[in-house]
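Observations on the model geometry
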Amino acid sequence: MSEERILGNKVKELYKTLCQDEWNAYTVGVIVAFLSVLIMAWMRPWGAMGAMRNWGDWFLYGIGCFEDAPKNIFNNSGSVIGIGFIAGAFLSATLGGQFALRIPPFLEMVKAVLAGCLMGVGAALAGGCNVGAFYNAIGNLSAHGFAMWLGLVIGIIGGLKCLYWEMEHVTCGGSGAKTIEFPGALQVLLGMAVLVGLIAGAYAYAGSDDDYLVKMSGILLISAGLGYSMQRGRWCMLQGFREPHMTGDGTIAKAVALSVVLVAVGIAVIKCSGLRQIEYYVRGTFGWGGVVGGILFGFGGMLAGGCGTGALWRAGEGQIKLWIAIPFFAISNSLMSAWFKQNDYEGIRAWLNKGITNEGSLGSFLYLPETFLGYGGTLVLIIGAMVMWYLVVVWNEESNKLVLKI
Amino acid sequence: MVDVTPDVTLDIKGLSCPMPMLKIKKQLKTMNSGQVLLALGTDPGTKNDIARNRKKQEYELLGIVHEGSLFKFYIKKS
């Protein structure tokens, strides 16, 4: 074989590895943690709820529910994160030849509506979706992440039981599924168009006179990286909670636990060194708000078949069920958040102005390093919690004690 | 190409995670050891779910045939 031919084959192999093969769950966990620390160092932590709320606000403003126009979708960091994330997932799906419009049976569409509403309300109560109020909450050293974690486990077990019940008792609404395919070459072309759009968008932001908009360049690209890698590894945090109870498999749970440890260490460095304010992703939902929010979100996520970010990347690969769930997530979240904000149920004003941590009615603000734990103790607590989760999951892989039988 | 005649065919087209895996698990429960299930699905995630869960040794994955966006999963109950 000629040297050029060998090189050509190696290029093809590399393309297949980067753009077509499914990435290992642990690799994706490390990449997601790296990008989560990177986006924090660049500007702020990331989550899916900010985008949902901005888009929901626009809808409610459009129909006359809200008086004031929300921030432009291209001028709001939460929304730009959502746009970048979906674009990255779309790029990954198209390069891998996995993009298709997958129209689900009617029953799944009904479940999507209910799921979207539950997830929107749950995220508002918990102070974020599974990323903002669990992954990046613990990563940002805030106790409310633990409250949502507890709620998510309860909600997901409840949701799984509900799906078992559905399989036994619901016989209607199972038809109407359809898949609209796109030729592979067209998919690659569409993916390339989105890639060019992402690069052009980043340059347009970078050339702005407004410092805030300049920051959006990195936000757009890092979010696209998150969407790309999560779609490529089909990395859904909800699976981390669900699989130990459904099939007993703990692969995603172990990958999420590893990722949380890495992001917590990275963000501890950023916050402790003073590079970013400690207030980022510290929410006053360490209490019933976080737990009940987690229950509703977890239950909704089970019906949707994806968590906050899982919904976004699945939308990026053309799953119509998630295209239905996302608007209902956005609108319910927008309404709930506006109501909470108007009455300051979270007690943000008292916390920011007077340092009072428990003025709100959803729970309290608890930045773990400000307790007796300090930064070292907080990291020991988080690493210890993830090690415990790991041990429970691997024990269950062998014993199947936590698996719910059909 | 998988050279085997399935005993049962399960239509899971249009369903997304976690429904395909749940329906497969439920179907396998009703089958006898050694019987082959052919599941027809469209969710790309199912491929990985089936491959990952076979470690539990409840079934053997005989093969996956990919036709456009349709996946044909040939699964033999252990």
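Residues numbered from 1 in each chain as written. Chains lettered and ligands numbered in written order. Predicted model: local features only at pLDDT ≥ 70, side-chain atom pairs only at ≥ 80, totals over all residues. Heavy atoms only, no water.

In this section: the confidence of the model for chain B. Per-residue pLDDT for chain B has a mean of 88; in total, 94% of the residues score no lower than 70. When pLDDT is averaged over each element of chain B, strand β2 (residues 36-41) of chain B comes out on top at 94 and helix α2 (residues 44-53) of chain B at the bottom at 83. (pLDDT = per-residue confidence, 0-100. Helix = DSSP H or I, 4+ residues; strand = E, 2+ residues; numbered from the N terminus.)

Next up on the list: the interface of chain A and chain B. Listed per partner, the contact involves 38 residues of chain A and 25 residues of chain B. Together chain A and chain B conceal approximately 2500 Å² of surface at their shared face, both sides included; 56% is due to carbon and sulfur atoms. The largest contributions to the chain A side of the interface with chain B come from A:Met167, A:Met246 and A:Ile406, which together make up 23% of the buried area. Linking chain A with chain B are one salt bridge, by the criterion used here. The shortest N-O distance in the salt bridge between A:Arg234 and B:Asp43 comes to 3.7 Å. Our enumeration of links across chain A and chain B arrives at five residue pairs in polar contact (both at pLDDT 80 or more). Here the side of chain A that touches chain B takes six residues from helix α7 (residues 144-169) of chain A, the largest share from any one element. By residue class, the composition of the side of chain A that touches chain B is 13 nonpolar, ten polar and 15 charged. (Contact = heavy atoms within 4.5 Å. Buried area = accessible area lost by both parts, 1.4 Å probe. Salt bridge = Lys/Arg side-chain N within 4 Å of Asp/Glu carboxyl O. Polar contact = N/O pair within 3.5 Å; in protein donor to acceptor, adjacent residues only side chain to side chain. Nonpolar A, V, L, I, M, F, W, Y, C, P; charged D, E, K, R; others polar.)

The next point concerns the sheet that holds β2(B). Residue and element names in this part refer to chain B. The strand order β1-β2-β4-β3 describes an open sheet built from four strands, whose pairing is mixed. Either end of the sheet is taken by a strand with one partner, and the two such strands are β1 (8-12) and β3 (59-67). Pairs of neighbouring strands in the sheet enclose a mean axial angle of 20°, with direction left out of account. Sheet strands in contact with helix α1 (residues 19-29) are β1, β2, β3 and β4 (70-77), and its direction is about 160° off that of β1. (Pairing = 2+ DSSP bridges. Axes fitted to C-alpha atoms, helices over the stretch in contact; angles between N-to-C directions.)

Working definition of a disulfide: a covalent bond connecting the sulfur atoms of two cysteines. Residues and elements named next belong to chain A. What the rule picks out here adds up to zero disulfides over all chains. Considering cysteine sulfurs only, Cys-307 is the nearest to Cys-129, which forms no disulfide, with 7.4 Å between them. Free cysteine Cys-236: the closest other cysteine sulfur is in Cys-307, separated by 3.8 Å. (Disulfide = S-S within 2.5 Å.)

It is worth spelling out helix α5 (residues 106-126) of chain A at this point. Along its 21 residues, α5(A) runs 30 Å from first to last C-alpha, staying within 8% of the 30 Å computed at 1.5 Å per residue. A positive phi of about 90° marks A:Gly127, the residue just after α5(A). (Expected span 1.5 Å × (residues − 1).)

To continue, consider a nonpolar patch on the surface. Residues and elements named next belong to chain A. Together, Val-265, Val-269, Ile-383, Val-387, Tyr-390 and Leu-391 line one region of the surface with nonpolar side chains, adding up to about 490 Å² of accessible area. Those elements that place two or more of their residues in the nonpolar patch are α11 (251-272) and α16 (374-399). With four residues, α16 is the largest single contributor of residues to the nonpolar patch. Examined against the element boundaries, Val-387 turns out to sit in helix α16. Residue classification places Val-387 among the partly exposed positions, given a relative accessible area of 42%. (Patch = residues over 30% accessible without salt bridge, like charges linked within 9 Å, V, L, I, M, F, W, Y side chains within 5 Å. Areas by Shrake-Rupley, 256 points an atom, 1.4 Å probe, with all protein chains shown as cover. Buried < 20%, exposed > 50% of the residue type's maximum accessible area, 1.4 Å probe, protein only.)

What follows covers unusual backbone geometry. The omega angle of the peptide bond from B:Cys17 to B:Pro18 is 5°, so this bond is cis rather than trans. Phi angles above zero are rare outside glycine, and A:Leu141 is one such case at about 65°. Position of A:Leu141 among the secondary structure elements: in the loop between α6 (131-139) and α7. One non-glycine residue with positive phi stands out, namely A:Asn400, at about 60°. Residue placement: A:Asn400 occurs in the segment after α16. Under the relative-accessibility criterion, A:Asn400 is labelled partly exposed at 26%.

It is worth spelling out helix α3 (residues 49-62) of chain A at this point. Residues and elements named next belong to chain A. Compared with an ideal rise of 1.5 Å per residue, which puts 14 residues at 20 Å, α3 spans 20 Å between its outermost C-alpha atoms and is within 8% of the ideal. Residues Met-49, Ala-51, Met-52, Asn-54, Gly-56, Asp-57 and Leu-60 constitute the buried set of α3. Gly-64 sits one or two positions beyond α3 and adopts a positive phi of about 90°.

Where charged atoms from two side chains of opposite charge come close, those side chains can pair. A full pass over the atoms with the stated rule returns 14 salt bridges over all chains. The salt bridge involving A:Lys10 is made with A:Glu13; its shortest N-O contact spans 3.5 Å. Placement of both A:Lys10 and A:Glu13 in helix α1 (residues 3-20) is noted, with a separation of three residues, approximately one turn of the helix. Classification of A:Lys10 as partly exposed rests on a relative accessible area of 46%. What makes A:Glu13 partly exposed here is its relative accessible area of 43%. The shortest N-O distance in the salt bridge between B:Asp11 and B:Lys13 comes to 3.4 Å. If you follow the salt bridges from partner to partner, you end up with A:Glu108, A:Lys111, A:Glu166 and A:Lys321 in one network.

As a further point, take the environment of A:Ile406. With respect to the secondary-structure elements, A:Ile406 resides in the segment after α16. With a relative accessible area of 25%, A:Ile406 lands in the partly exposed category. Spatially, the C-alpha atom of A:Ile406 lies 9.8 Å from that of A:Leu160, the residues being 246 residues apart in sequence. With near-sequence residues (within four places) excluded, A:Ile406 lies in contact with A:Tyr164, A:Met167, A:Glu168, B:Leu22, B:Lys25, B:Lys26 and B:Lys29.

On to the side chain of A:Arg102. By secondary structure assignment, the location of A:Arg102 is in strand β1 (residues 100-103). No salt bridge is formed by the buried A:Arg102. Its closest oppositely charged neighbour is A:Glu317, at 4.6 Å. When residues no more than four places from it in sequence are discounted, the contact partners of A:Arg102 are A:Lys178, A:Thr179, A:Glu317, A:Gly318, A:Gln319, A:Ile320, A:Lys321, B:Thr42 and B:Pro44. (Lys, Arg positive; Asp, Glu negative; His and termini not counted.)

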